[in-house]
Every structure is written in structure tokens, then in C-alpha cells.
Amino acid sequence: MKRRDFLKQTTFASGMFFVPQFLKAFEQIPTKTFGNKKVVIIQLKGGNDGLNTVVPFRNDIYYQQRANIALQQTDLLKISDEIGLHKSLVDLQKLYDNGFVSIINNVGYPNPNLSHFRSTDIWQTASNSNEYLQNGWVGRYLDYTKANPTKAIEVDESLSLLLKGKTQNGLAVTDAKTLYNSLKEPFYKSVINANTDAHLNEHNLGYLYNTMIDAKSSAKYIFEKTKVKNASNNYPKNLFGKQLKTISQFINSGIDTQVFYAGLTGFDTHANQQNTQARLLKMYAESMTVFVEDLQKNNNFDDVLILTFSEFGRRVKQNESNGTDHGTANNVFVIGKNLKKQGLYNNLPNLNDLDANGNLKHEIDFREIYATILDKWLQVDDATILNKSFSKLKFV
């Protein structure tokens, strides 16, 4: 295959940076300034069981429906006379006790989809359950602000739909040095140096050249800004801990990124749920606590809001494999320094009022959370970005 044909049929994916084939060339439009507030989005991938995360330990229905996997009071960290956190969240409880956590319960959307992939797409695009969008709400935020790709970073090897806009995408970066070095590889250098090649103009491949030039510029900017700032060494030695360590390094170095995205996988607990969930929640809580402490030490916590969600919850009734099947509404954690509503934002689900499939009914549309963050935290037009106006909550 000739080089020009290869370039026409491929996407640019160095492993650290991803740009779709048909992304328009980066437009040299001055970036608007929208403040220094930052959002860190964490997905608990697989559908975390919210009912065994924030537990109604005085509710008889909870124990009746979960004879083998219900958590006893001795396995909980009590945050009220009726509610306790899973004991693996002991590190998160410290943040909770300091007023840094708001737990929003019963979050979902109308006509929920129980497929991991489809429900994740719905959460990432902020679409209706019967609507299929090709761009994410963070990507549309980039479009709206006419931002450079560095304004939104996913700490992963490929870019999720969440950060893909109509005209602009974010970056997928595992670490600054690897991204920077990858763009020095012979293939990418040869493409960039071939900008005078007649084939580029003949076959309208200027967009690829411009995109890669922009990638190189972004990589250099991130590398130069972060190489002098090290994160704390106390992060847990696992992939999620490494992701948060990378994000803290980016934030503390002062790069202009406003939205970060990372994930912790493994929450699809159809069988033997207790041990798996306990291990993952411990990993989440330990890493998150070190992350917050790192931001505090560098005086950056005030300007950071952390959102943790899962694409759906689990069924109320346990299954025959000592696990839970795909459910609907779930709890969302918001972590920040100056929350207006600390602790429990609203009541836990009503286990006496389930849908026809035995699932929790949603009370809060997840897009209300997005609208609140866009409007009150990032101070942009949420209705334009979300394609619809949603009620605002009062956690910030």
C-alpha cells in the first residue's frame, strides 16, 4: 500500500493520542478564557452496586432481598442512624467527615438501557436513551469554548466518546513523556516533514498534517509543563492509582486542562460480588484520598470538582450466584472543597417502590448534574452543550 493511501485509510493513534480520520484541521482561533475551574470525572466501569456502597442498614427489605450479600452493621461505616458506607470506603469517610463529599442518590435517566456499552454511551453523550449521538458532552464543551485539545484529557491509551466533539477532540494521554516521545518516532516525523509533498494537496490530506502538527504542539506543551512537577509517591501501586497520580501531576504543574477523565474497571459483579466489590472500593477510596491530599498540599483543591459515576446500578434482589444483575438508578459521588450540600444530598431509594423489573426508580436525571457543573462550576451555557435545558442542583 502506498503511503498516501495508507494515510487516507487510517486514524492517527500513537497509543497515547487519538484523532478520528475525519476530524477537521485544527482552526487557529483564539481560545476563550473560561476560568481556572477543573473537573475530574471518574467512572466505576461495569455498574457498581450502589445499594451495597451506601447501605440502608435498618431497611428490612434490603436484607430480605439480599439474604447472602447484604452488609451487616458491623461491616459498615455509619454516617447516620440508618445509613452506612461500605467498610472499604474508610479512606473516603475521612473526606466525607471533612465535608468534602456529597452523595447524590437515585441518579439515572428515563427508559434506562441495561447494556454496559449503550448506557455508557448515554452517560458520555448526555443523550436520551433512544437518541444516538456521535459526540460527547465534554467534546461539545470543547466545541463551545473553541478550546485547544489540551483542555480535556483522558488518562488512557484511547479516547472515549465523552471527549469527542463535532469540531474538536480532547487528548488521550497515559503520561506526558510517552506522548512526547511517541511523536518523535520515524513514521510521525516523516508525515510531518512531508507537508510539501504534492500528494498532500492532491488528496486533501492537509487535515492530517495539521492535526499531527497540533498533536506535536500539544505534546510538547504538556511535557514541558509537567516535567518539573512530580506527584506524591504515596499513590497505590495499581493502574487507577497511576491514573490519579498523572492527573495530579498535570493539575499541580499548571497546564490549562479543565476536564480530566479516568476509570476503574471490574464492577460487573454477577457472581461472588462481596470480595470483588470490597477490593475495588478500597482501591477507589485509597487512591482518591491520596489524590485530594496531593491537591491540598499544592493549594489546588479549591478549584477542582471530582465526579464519580457508574453507567448503571444493580438489581435490588441478589441472584443465585451471590451477585447482582444489571440495574438502573445509582448513587453519584461529588467531591470538592466548597460544596453547598455536604453529606447526603437526598434520600436513599425507596425499596417499596420499584419498577416492573425490580429495579430502582430514578429521581435525578444525570444530566441535571452535568448542567449544574457546566453552569455553576465551569460557567458556560449548559443548554447549548447538552442540547436541552435541565434543572440545576445545589451541590455547588
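Scroll up for the structure.
Residues numbered from 1 in each chain as written. Predicted model: local features only at pLDDT ≥ 70, side-chain atom pairs only at ≥ 80, totals over all residues. Heavy atoms only, no water.

**Side note on the sheet that holds strand β5 (residues 76-78)**
Applied cut-off: Two strands pair if DSSP finds at least two bridges between them. What counts as a helix is a DSSP run of H or I of at least four residues, what counts as a strand is a run of E of at least two, and both are numbered from the N terminus. What counts as an axis is a line fitted to C-alpha atoms, over the stretch in contact for a helix, and the angles between N-to-C directions run from 0 to 180 degrees.
Pairing in this open sheet of 3 strands is antiparallel, and the strands run β4-β6-β5 from one edge to the other. Strands at the two margins of the open sheet, each flanked by one partner only, are β4 (54-56) and β5. On average, each strand axis in the sheet is inclined to that of its neighbour by 40 degrees, with strand direction left out of account. Examined bridge by bridge, β5 and strand β6 (residues 83-86) share 3 bridges and lie antiparallel to one another. By the bridge assignment, Leu-76 is partnered in β6 with His-86.

**A look at helix α12 (residues 366-377)**
As a reminder, the rule being used: For a helix, the expected span equals 1.5 Å multiplied by the number of residues minus one. Burial here depends on accessible area, computed with a 1.4 Å probe over protein chains only, as a share of the maximum for the residue type. Under 20% is buried, over 50% is exposed, and the range in between is partly exposed.
For α12, spanning 12 residues, the distance from its first C-alpha to its last is 16 Å, which sits close to the expected 16 Å at 1.5 Å a residue. Counting buried positions along α12 gives 10 out of 12 residues, so the element sits mostly inside the fold. Among the residues making up α12, those that are buried are Phe-366, Arg-367, Glu-368, Ile-369, Tyr-370, Ala-371, Thr-372, Ile-373, Leu-374 and Trp-377. Positive phi shows up at Gln-379, right after α12, with a value of about 55 degrees.

**Concerning unusual backbone geometry**
Working note: non-glycine residues mostly have negative phi, and peptide bonds are mostly trans. At Asn-106, a residue that is not glycine, the phi angle is positive and equals roughly 60 degrees. A positive phi angle is found at Asn-322, which is not glycine, with a value near 55 degrees. On the secondary structure map, Asn-322 appears in the loop between β11 (304-309) and β12 (330-335).

**Focus on a positive patch on the surface**
Here is the rule we go by: To count toward a patch, a residue needs a relative accessible area over 30% and no salt bridge; like charges are then connected within 9 Å, while nonpolar side chains (Val, Leu, Ile, Met, Phe, Trp, Tyr) are connected within 5 Å. Surface exposure here means Shrake-Rupley accessible area, sampled with a 1.4 Å probe, where a residue is shielded only by the protein chains that are shown. Whenever a carboxyl oxygen of Asp or Glu lies within 4 Å of a side-chain nitrogen of Lys or Arg, that contact is scored as a salt bridge. Charge assignment in this entry is limited to Lys and Arg as positive and Asp and Glu as negative, and neither His nor the chain termini are counted. Throughout, a charge is located at the NZ atom of Lys, the CZ atom of Arg, the CG atom of Asp or the CD atom of Glu.
Residues Lys-340, Lys-341, Lys-376 and Lys-394 make up a contiguous surface patch of positive charge. In this structure, Lys-394 sits in the segment after α13 (382-386).

**Side note on the nonpolar core**
Applicable threshold: The criterion is simple. A nonpolar core is a set of buried Ala, Val, Leu, Ile, Met, Phe, Trp, Tyr and Cys residues joined through side-chain atoms within 4.5 Å. We call two residues contacting when some pair of their heavy atoms lies within 4.5 Å.
In terms of nonpolar packing, the biggest core is built from 46 residues, with Ile-42, Tyr-284, Met-288 and Phe-291 touching the most fellow members. Examining the composition of this core, we find that 10 residues originate from one element, helix α11 (residues 273-297), more than from any other. Once residues within four sequence positions are removed from consideration, Phe-291 is found in contact with Val-40, Tyr-235, Leu-244, Ile-247, Ser-248, Ile-251 and Ile-306. Core analysis: the next-biggest nonpolar cluster, separate from the first, contains 43 residues, Val-138, Leu-307, Leu-339 and Leu-378 among them.

**As for the packing of helix α10 (residues 239-253) against α11**
The line we're drawing: The scheme is simple: roughly parallel for angles under 35 degrees, roughly antiparallel for over 145, roughly perpendicular for 65 to 115, oblique for anything else. In this scheme the handedness of a crossing depends on how the near helix is turned from the far one: anticlockwise by less than a right angle means left-handed, clockwise means right-handed. Only Asp, Glu, Lys and Arg are considered charged in this grouping, and only Ala, Val, Leu, Ile, Met, Phe, Trp, Tyr, Cys and Pro are considered nonpolar; every other residue, Gly among them, is considered polar.
At their nearest, the axes of α10 and α11 sit 9 Å apart, and the two run at 15 degrees to each other. On the basis of the axis angle, α10 is roughly parallel to α11. Of the two possible hands of crossing, α10 and α11 adopt the one that is right-handed. Contacts between α10 and α11 involve Phe-240, Gly-241, Leu-244, Ile-247, Ser-248, Ile-251 and Asn-252 on the former and, on the latter, Met-283, Tyr-284, Ser-287, Met-288, Phe-291, Asp-294 and Leu-295. Within the contact of α10 with α11, the residues separate by chemical class into 9 nonpolar, 4 polar and 1 charged.

**A word on the packing of aromatic side chains**
The criterion, for reference: Here the aromatic set is Phe, Tyr and Trp, taking the six-membered ring for Trp, and pairing holds for ring centres within 6.5 Å; pairs whose planes are under 30 degrees apart are stacked, those over 60 apart are edge-to-face, and all others are tilted. Sitting over a ring, as applied to charges here, requires NZ of Lys or CZ of Arg to be within 6 Å of the ring centre and within 35 degrees of the ring normal.
Counted according to the given criterion, the structure contains 11 aromatic pairs. Their ring planes at 80 degrees and their centres at 5.8 Å tell us that Tyr-109 and Phe-366 sit as a pair that is edge-to-face. Of this pair, Tyr-109 sits in the loop between β7 (101-108) and α4 (116-125) while Phe-366 sits in helix α12; the two residues are 257 residues apart in sequence, bridging distant segments of the chain. By relative accessible area, Tyr-109 is classed as buried at 5%. Following the ring pairs from residue to residue traces out a cluster consisting of Tyr-109, Trp-123, Trp-137, Phe-309, Phe-366 and Tyr-370. The ring of Tyr-132 carries the charged tip of Arg-118 above its face, separated from the ring centre by 3.8 Å.

**Some thoughts on the pairing of β7**
Counting buried positions along β7 gives 8 out of 8 residues, so the element sits mostly inside the fold. The pairing of β7 with β12 spans 5 bridges and is antiparallel. Of the residues in β12, the one forming a bridge with Ile-104 is Val-332. Where β7 and strand β13 (residues 343-344) come together, 2 bridges link them in parallel fashion. Its bridge partner being in β13, Ser-102 is matched across the sheet by Gly-343. Both β7 and strand β14 (residues 364-365) contribute to a ladder of 2 bridges, which runs parallel. Its bridge partner being in β14, Gly-108 is matched across the sheet by Asp-365.

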